[in-house]
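Structure at a glance
In case you want the letters, here they are:
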Amino acid sequence: MGRLMPTRSEWRTLFDTLTRREKIAFLFFLFVAWAAINVLLVRVDRDFSKEIPARGGSLTEGIVGIPRFINPLLALSDVDRDLARIVYAGLVKPDGKGGFVPELAERYEISEDGLTYTFWLREGLRWHDGEILTAADIAFTVELAKNPAIRSHRLAHWEGVGIEIKNEREIVFHLKRPYAPFLGNATMGILPKHLWHDTQPEAFPLSSLNTEPVGAGPFHIDTVTKDDRGVITAFYLKRFKGYLPRPPYLDTITFYFYPTDAALRTAFEDNAIDAASIDHSWHTPSQSIVHEMSLPRVVGIFFNQDTYTPLRDPVLREALAKATDRERIVNEILGGRATATSLPIPPGTFAHASTLENTKRNIEGAKEILAKAKYEDTDGDGIIEKLEGKKDRVKISFTITTIQTPELVRAAEMVRDMWREIGVEVTVQAYEKGDLDQNFIRPRNYDALLYGLVMGYDVDPLGFWHARQIKHPGSNIALYANTKVDTLLENAQNTTSNDKRVELYTLFQEEIAKDRPAIFLYSPHYLYATYKDLGGIGARIIPFPQERFSTIDAWYTQTKSVWNILTKE
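This section reports on the structure supplied with the text. (Residues numbered from 1 in each chain as written. Predicted model: local features only at pLDDT ≥ 70, side-chain atom pairs only at ≥ 80, totals over all residues. Heavy atoms only, no water.)

Let us look at the overall build of the protein chain. Assigned secondary structure in the protein chain consists of 15 helices and 22 strands. Expressed as a percentage of the 569 residues in the protein chain, the buried residues total 48%. Looking at the protein chain alone, contacts between residues at least 24 apart form 67% of all its contacts between residues at least 6 apart. For the protein chain, the exposed area adds up to about 27,700 Å²; of that, 52% sits on carbon and sulfur atoms. Averaged over its 68 positive side-chain charges, the protein chain has a centre that lies 4 Å from the centre of its 76 negative ones. (Helix = DSSP H or I, 4+ residues; strand = E, 2+ residues; numbered from the N terminus. Buried < 20%, exposed > 50% of the residue type's maximum accessible area, 1.4 Å probe, protein only. Contact = heavy atoms within 4.5 Å. Areas by Shrake-Rupley, 256 points an atom, 1.4 Å probe, with all protein chains shown as cover. Lys, Arg positive; Asp, Glu negative; His and termini not counted. Charge placed at Lys NZ, Arg CZ, Asp CG, Glu CD.)

For the pair helix H8 (residues 314-322) and helix H10 (residues 363-372), the least separation of the axes is 8 Å and the interaxial angle reads 165°. It follows from the interaxial angle that H8 and H10 lie roughly antiparallel. Our pair here, H8 against H10, has a crossing hand that is left-handed. Contacts from Val315, Leu316, Glu318, Ala319 and Lys322 in H8 reach Ile363, Gly365, Ala366, Ile369 and Leu370 in H10. (Axes fitted to C-alpha atoms, helices over the stretch in contact; angles between N-to-C directions. Parallel < 35°, antiparallel > 145°, perpendicular 65-115°, else oblique. Left-handed = near helix turned anticlockwise from the far one by under 90°.)

The next subject is the sheet that holds strand E8 (residues 170-174). Judged by pairing direction, the sheet is antiparallel, and its four strands sit side by side in the order E5-E6-E8-E7 without closing on themselves. Sheet topology places strand E5 (105-110) and strand E7 (162-167) at the edges, where each strand pairs with a single neighbour. Taking the axes of each pair of neighbouring strands and ignoring which way they run, one obtains an average angle of 20° across the sheet. Examined bridge by bridge, E5 and strand E6 (residues 116-121) share five bridges and lie antiparallel to one another. Bridge assignment links isoleucine 110 to a residue of E6, and that residue is tyrosine 117. (Pairing = 2+ DSSP bridges.)

Next up on the list: the layout of surface pockets. Of the voids in this model, the second largest pocket is the one considered here, and its volume is about 540 Å³. Around the second largest pocket, the lining is made up of 29 residues, and of these Phe100, Phe350, Asp458, Asn498 and Arg501 lie nearest the centre. Across the lining of the second largest pocket, the residue classes break down as 15 nonpolar, 11 polar and three charged. (1 Å grid on protein atoms, 1.4 Å probe; cavity = no way out; pocket = protein on both sides within 12 Å on 5 of 7 lines; lining within 4 Å. Points joined across faces, edges and corners; volume = space filled by probe spheres on them. Nonpolar A, V, L, I, M, F, W, Y, C, P; charged D, E, K, R; others polar.)

Our next topic: the environment of glutamate 112. Counting through the fold element by element, glutamate 112 comes out in the loop between E5 and E6. Residue class for glutamate 112 comes out exposed when judged on its relative accessible area of 78%. Taking the C-alpha atoms as reference points, glutamate 112 and proline 178, 66 residues apart in sequence, are found 9.9 Å from one another.

With that settled, the discussion passes to the pattern of salt bridges. Within the structure shown, the criterion is met by 31 salt bridges. Measuring nitrogen to oxygen at the nearest pair gives 3.0 Å for the salt bridge that ties aspartate 227 to arginine 229. Residues participating in the shared-partner salt-bridge network are Glu376, Asp379, Asp381, Glu385, Arg393 and Lys395. (Salt bridge = Lys/Arg side-chain N within 4 Å of Asp/Glu carboxyl O.)

So, about unusual backbone geometry. A negative phi angle is the norm for most residues apart from glycine, just as the trans form is the norm for most peptide bonds. A cis geometry characterises the amide bond from leucine 244 onward to proline 245, with omega recorded as 10°. As for its position among the elements, proline 245 is in the loop between strand E10 (232-239) and strand E11 (252-258). Look at the link from histidine 472 to proline 473: it is a cis peptide, with omega at 15°. With phi around 50°, leucine 479 is a residue other than glycine that occupies positive phi space. Turning to its location among the elements, leucine 479 is positioned in the loop between helix H13 (462-465) and helix H14 (483-494). Even without being glycine, arginine 516 reaches a positive phi, approximately 50°. When you line up the elements, arginine 516 lands in the loop between helix H15 (498-515) and strand E21 (518-530).

In structure tokens:
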């Protein structure tokens, strides 16, 4: 076959035969053709390719505290829970949208009667040390959680649950009665049996594995740095290449530990770290990015009608609700980074009855219903009184007790001023959390308590509103007793139908809105500040702050361009 293109010497001979003007014209048109081809290629690349996450990159994060129990059965502090979420993996994990997706499990099934949960593990699961992960590890961890001698906060989650190992990749949990929120229990990180099986319960908190953990999560601990006193100052974690269904994009994550929130804030402002969890009082640098995520929790004022009997009057409670400006609290104290609410189930969750929501202030309406109920200021001191018996007039004056944090104290003070406008006198008292728990919440020693209810992985309000939960260690801090509500909450727990749960929880919220055992204020947003424009932070609803890391395998700082035909939709 003959040649289709001239040889180099033939091109040179041809070029030499051209006049000077023809040579200039030839080179000009050659340049135009080269430029046109490049423009065409750029447009083709733009129209038929896209940027996708690429491996590589790093992240440094600051946390207040020192790690002690990087162990899913013992972790109680924020720093321990954060690290345990990254190092360990559960059967499922939150999807960042209010639901769950498989993690160690490849899939799962729930029986129609809600009594059997079957999980099938992914093929090829391994621990950070290379050992194989099997259903025996799952059963071992659950049995530890059920052991009272371990003193795990997970005990109540697994108590009475039967365990059946079908084979190395299949495990079944048997419940004695249906329990709709059970799937959230399966987020618990799994411990390696081959490393923990010889540890006695009394030695469990003393094991070096609590600070040198081996898990199956997306990152494994590479090195640990300590100061001259032996105190841990930093953890260096590397991508776990064996994490399934695929390893994370980031190469490394480094956690630096700070003694106080002020020290953490300084480190972030000085750009010494890339990321930090922040509160609403922070004024972040302009170049930083704040990621907002909804938390399924509600902050409200819970009345103790046993301690301060005037609060037993539904008219007074209704007037207090009408006089409360929730939107102002959200905007002025929280900078708009919260959602005002008047209901006990957080906005944005599947069970929130948005049609019942009423957050508008009605100060004149509050004054009107108080006047009709004969609340009067007879001595002109600005405080209304209520006639008790035939002659005694009782001033409406009580105390709001709360935690010593800037956000909650300011909220209590703002509510105090709002209620003063309708003639109600309020004193605000704030205490450190440990003091508040021990001396006020446990003995139910308060008139009104400004506090937050954390709903967790599944919105289940039974623990906060069922009559059985009135006494400590129950969490019914409004001391609320309503047999209809008890039945609604029990039935919601025992049904496997999500539609039925929504119906029951709507009726529950109607009862609470009618009885007003508390005045709900807002649902706070979780705030995570970063300097790097991290991609892949897709979580919008997280049950707890540590679950911001539930999607960390998808976080990235680097991208690459790939033609569409080479990517999977």
